[in-house]
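Okay, here's what each chain looks like letter by letter:
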Amino acid sequence: MDKSQNKKHVVLFYCAECEDLARKVASQSDLITLQTIKWRNFDDGFPNIFINNAQDLRGQHVAFLASFSSQGVIFEQLSVIYALPRLFVASFTVVLPFFPTGSFERMEEEGDVATAFTMARMLSNIPISRGGPTSLVIYDIHALQERFYFGDHVLPLFETGIPLLKQRLHQLPDSDKIVVAFPDDGAWKRFHKQLDHFPAVVCNKVREGNKRIVRLKEGNPAGCHVVIVDDLVQSGGTLIECQKVLAANGASKVSAYVTHGVFPMQSWERFTHKDAKAIANRAPFEVLSLAGSIAESLQT
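What counts, and where the lines are drawn
Residues numbered from 1 in each chain as written. Predicted model: local features only at pLDDT ≥ 70, side-chain atom pairs only at ≥ 80, totals over all residues. Heavy atoms only, no water. Helix = DSSP H or I, 4+ residues; strand = E, 2+ residues; numbered from the N terminus. Expected span 1.5 Å × (residues − 1). Buried < 20%, exposed > 50% of the residue type's maximum accessible area, 1.4 Å probe, protein only. Pairing = 2+ DSSP bridges. Axes fitted to C-alpha atoms, helices over the stretch in contact; angles between N-to-C directions. Polar contact = N/O pair within 3.5 Å; in protein donor to acceptor, adjacent residues only side chain to side chain. Contact = heavy atoms within 4.5 Å. Patch = residues over 30% accessible without salt bridge, like charges linked within 9 Å, V, L, I, M, F, W, Y side chains within 5 Å. Areas by Shrake-Rupley, 256 points an atom, 1.4 Å probe, with all protein chains shown as cover. Salt bridge = Lys/Arg side-chain N within 4 Å of Asp/Glu carboxyl O. Phe/Tyr/Trp six-rings, centres within 6.5 Å; stacked < 30°, edge-to-face > 60°.

### Considerations on helix 6 (residues 237-248)
Piece 1. In this model, helix 6 (12 residues) spans 17 Å end to end at C-alpha, consistent with the 16 Å of a helix rising 1.5 Å per residue.
Piece 2. Gly237, Leu239, Ile240, Cys242, Val245 and Leu246 are the residues of helix 6 that are buried.
Piece 3. Note on helix 6: the residue one or two positions beyond its end, Gly250, has a positive phi of about 100°.

### Brief notes about the sheet that holds strand 5 (residues 61-65)
Pairing between sheet strands relies on hydrogen bonds along the backbone, with the strands arranged either parallel or antiparallel.
Piece 1. On the basis of which strands lie adjacent, the open sheet formed by 6 strands has the order 2-1-5-6-7-8 and parallel pairing. Both edges of this open sheet fall to strand 2 (32-34) and strand 8 (154-159), since each of them pairs with a single strand only. Across this sheet, the average inter-strand angle for adjacent strands is 25°, counted without regard to direction.
Piece 2. Here 6 bridges tie strand 7 (residues 134-139) to strand 8, and the two strands are oriented parallel to one another. Within strand 8, the residue paired with Tyr139 across the bridge is Glu159.

### Overview of the side chain of Ser67
Piece 1. Relative to the helices and strands, Ser67 is located in the loop between strand 5 and helix 2 (71-83).
Piece 2. Reaching out from Ser67, the side chain makes a polar contact with the side chain of Glu17 at a distance of 3.0 Å.
Piece 3. Every residue in contact with Ser67, bar those within four places of it in the chain, is listed here: Cys15, Glu17, Cys18, Val73, Gln77 and Leu96.

### Overview of a nonpolar patch on the surface
Piece 1. On the surface, a nonpolar cluster with roughly 360 Å² of combined accessible area is contributed by Phe42, Phe46 and Phe75.
Piece 2. With respect to the element layout, Phe42 can be found in the loop between strand 3 (37-41) and strand 4 (47-51).

### Observations regarding the packing of aromatic side chains
Piece 1. This model, assessed by the stated rule, comprises 4 aromatic pairs.
Piece 2. On the basis of an interplanar angle of 55° and a centroid distance of 6.2 Å, the ring pair of Phe150 and Phe158 is categorised as tilted.
Piece 3. Owing to a relative accessible area of 9%, Phe150 belongs among the buried residues under this scheme.
Piece 4. Residue classification places Phe158 among the partly exposed residues on the basis of a relative accessible area of 22%.
Piece 5. An aromatic cluster is built from Phe99, Phe150 and Phe158, whose rings are joined through pairwise contacts.

If you want it as structure tokens, here you go:
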């Protein structure tokens, strides 16, 4: 029996920031159709949103591609996310390539606010559609324990971009000399099982006075192309310090892969020329698109 006969047609909405990615996702399958939203504002700045062709969504499988890249866009997107399943849709899926509050998932002292838990509660209150709870697809959530923050009204599906990395590494001319490096024990715990067919190097960060020093904990990078793997980069300082340690221990080449290159305050400039205006696919950066993976997840 042809498996394609069991696949569903999906109407995919998207936020303005994700338009390019949404088009790439739709190009992966004839069963994914893009639909638009009018993202407008009233004079006071609050959202004035209109879902185009809402009357045609009844009985359709509907998805929304979200980007919570800044505080200012979360409210307007949540408003749409809460509205779509109420339009008598057959099922509803939210795809969130980046869970932005993931670095703040725990309290270390009284007074700390675990904003990751707050975000999970907000997403857990998405209304149930005709088909049941919303499927919530999140890529490379920062801490695995965050999966337990979501309530029973949503079905979280935790995906990863690591298969894209593995595919890219096997395409390299020196693929037989690849060593994967983890900048700390947290990254090792997060990713090592998915990359266990590569030799591994583990670093750790120790405090010396007011500085955090990266040191080689185990493994041998000598003579190899070492690829640092982590889930999140902000300032890039850890990557730079790891590169120094790996090079000092004989690595012939050092690259880095991160699932989420946030780079606030243009910190990506530490890795390229100051006059660069963007990093997407400009040396030394390369972006591995999630479009194929997202398209596949919409059929699950």
